Amino acid sequence: MSAPTMLDDASVTSTAVNGFTLGDSDFAFLCSFVYKHCGIVLGEHKRQLVQGRLARRLRALKLSGFDAYVELLRCDPQSELGELASAISTNVTSFFREMHHYDLLIDELLPRWLEAKRNGGRLRIWSAGCSTGEEPYALAMVLAEALERSGSRVDARILATDLSPQALDFARRGEYPLDRLGGVSEARRSRWFLRGEGAYEGLARIHPRLRELVSIQPLNLLHGWPMRGPFDAIFCRNVVIYFDKPTKHKLFERYADLLDQGGYLFLGHSESMYGLSDAFDLVGRTVYRKHAA
Ligand SMILES: C[S@@+](CC[C@H](N)C(=O)[O-])C[C@H]1O[C@@H](n2cnc3c(N)ncnc32)[C@H](O)[C@@H]1O
């Protein structure tokens, strides 16, 4: 069966995708469930997309229809949450995406932090919504290089978290097809990746030194956070784009609580804190600095 065309009106209701029809009440339940647990706002215009993406999940679970899926979510909301979120959100990412953020780290922030903390200080960066790991590993590359240059003995770590179990599995494996290394310079490719051979031909594996620096953990940004901080920087890029204003506001206030005084928050290219928090000053392109309370 070919994919149905995108429709914006109620006629979508009766359109089956891969044999499954997402009726009004099941769609309404999914919208409120996804908003409550993932902060993502799904409108009527997303019904077709949700139906198509979740049809695959229904088949994988061998369910008879969306009513059975809704029942599963009602009975055990937590266990299916990651899979549901993965199905409806995008994991698109890349190494050194939005390079200007890395330039700021390399040229200004890391040298300053490492100097200030050189006598045994602690440096913490959080990649919140790390997807398949390209962002935290790129951060680890510039951090490892800065540590080497400075010769300082700072206790430096990167925390990488996401909601999607598949994305986290991929990040933990740390093996990337060569065509996903587009943003990585030749020098960094040979320094920080191990070329696969035999069965691993065509793959590049992340260097163990970078793995040491990065801790990968499941975390829903809307739920409780086990870590206490403080963080020197939080990267939350291209994550809040589907969140509504109250959800973003709450999240930015929580980030402010966890950041060190003068700590930095990096957002994605189409995201902004405008009108959402008084705790930060805009100090660069989608770069915010927590000011003194
Ligand atoms: C487009 S990717 C961004 C990856 C990376 N930060 C970047 O900019 O390239 C968005 C990620 O946010 C994650 N995400 C969305 N909602 C989330 C939530 N409530 N808690 C944790 N992660 C979430 C998704 O699973 C996805 O991997």
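A quick note: this is a predicted structure, and the numbers were derived from the prediction, not measured.

Draft legend 1. Highlighting the overall build of the protein. When its secondary structure is counted, the protein shows 10 helices and 12 strands. Here the C-alpha atoms of the protein give a radius of gyration of 21 Å, agreeing with the 19 Å that 2.2 N^0.38 yields for 293 residues. The C-alpha extent of the protein, read off along each of the three principal axes, is 65 × 55 × 30 Å. The proportion of buried residues among the 293 residues of the protein is 51%. At a minimum sequence separation of 6, the contacts of the protein that also span at least 24 residues come to 73%. Approximately 14100 Å² of the protein is accessible, and the part contributed by carbon and sulfur atoms is 52%. In the protein, 37 positive and 36 negative side-chain charges are present, and the distance between their average locations comes to 4 Å.

Draft legend 2. Seen up close, helix H5 (residues 99-116). In this model, H5 (18 residues) spans 25 Å end to end at C-alpha, consistent with the 26 Å of a helix rising 1.5 Å per residue. For H5, the complete set of buried residues consists of His101, Tyr102, Leu105, Leu109, Leu110, Trp113 and Leu114. Against the buried residues of H5 lie strand E3 (122-128), helix H6 (134-150), strand E9 (231-236), strand E10 (259-267) and strand E12 (287-290).

Draft legend 3. Quick look at the side chain of Asp244. When you line up the elements, Asp244 lands in the loop between E9 and helix H10 (245-258). Despite its burial, Asp244 remains without a salt bridge, the nearest opposite charge being carried by Lys248 at 7.9 Å.

Draft legend 4. Molecular detail of the side chain of Glu135. Looking at the element boundaries, Glu135 is found in helix H6. The contacts of Glu135, once residues within four sequence positions are left out, are Thr93, Tyr102, Ser127, Phe235 and Arg237.

Draft legend 5. Representation of the domain arrangement of the protein in the model. According to the domain assignment, the protein consists of domain 1 (10-88) and domain 2 (99-290). The distance between the C-alpha centroids of domain 1 and domain 2 comes to 31 Å. Each side of the interface is counted separately: domain 1 has 14 residues, and domain 2 has 11 residues. Taking both sides of the interface into account, the surface hidden between domain 1 and domain 2 amounts to around 960 Å²; carbon and sulfur atoms contribute 55%. Inspection of the region where domain 1 meets domain 2 yields zero salt bridges. The interface formed by domain 1 and domain 2 includes six residue pairs in polar contact (both at pLDDT 80 or more). Taken together, the elements giving at least two residues each to the side of domain 1 that touches domain 2 come down to helix H1 (24-38) and helix H4 (77-88). The greatest single-element share of the side of domain 1 that touches domain 2, amounting to six residues, is contributed by H4.

Draft legend 6. Molecular detail of the pairing of strand E4 (residues 155-162). Buried residues dominate E4, accounting for six of its eight residues. Sheet analysis places E3 next to E4, joined by seven bridges and oriented parallel. In the strand pairing of E4, Ile125 is matched with Ile158. Between the parallel elements E3 and E4, the chain passes through H6 in a crossover that is right-handed. Here E4 pairs with strand E8 (residues 214-218) via five bridges, running parallel. The partner of Asp162 across the bridge, within E8, is Pro218.

Draft legend 7. Examining the environment of Arg118 more closely. Structurally, Arg118 is set in the loop between H5 and E3. The class of Arg118 is partly exposed, set by a relative accessible area of 32%. Through-space distance from the C-alpha of Arg118 to that of Arg153 is 6.0 Å; in sequence the pair is 35 residues apart. Arg118 has contacts with Ser150, Gly151, Ser152, Arg153 and Val154, leaving out every residue within four places of it along the chain.

Cut-offs used in this document
Residues numbered from 1 in each chain as written. Predicted model: local features only at pLDDT ≥ 70, side-chain atom pairs only at ≥ 80, totals over all residues. Heavy atoms only, no water. Helix = DSSP H or I, 4+ residues; strand = E, 2+ residues; numbered from the N terminus. Rg over C-alpha atoms; globule rule 2.2 N^0.38 Å. Buried < 20%, exposed > 50% of the residue type's maximum accessible area, 1.4 Å probe, protein only. Contact = heavy atoms within 4.5 Å. Areas by Shrake-Rupley, 256 points an atom, 1.4 Å probe, with all protein chains shown as cover. Lys, Arg positive; Asp, Glu negative; His and termini not counted. Charge placed at Lys NZ, Arg CZ, Asp CG, Glu CD. Expected span 1.5 Å × (residues − 1). Salt bridge = Lys/Arg side-chain N within 4 Å of Asp/Glu carboxyl O. Domains from an automatic or database assignment. Buried area = accessible area lost by both parts, 1.4 Å probe. Polar contact = N/O pair within 3.5 Å; in protein donor to acceptor, adjacent residues only side chain to side chain. Pairing = 2+ DSSP bridges. Right-handed = clockwise from strand over helix to strand, strands pointing away.

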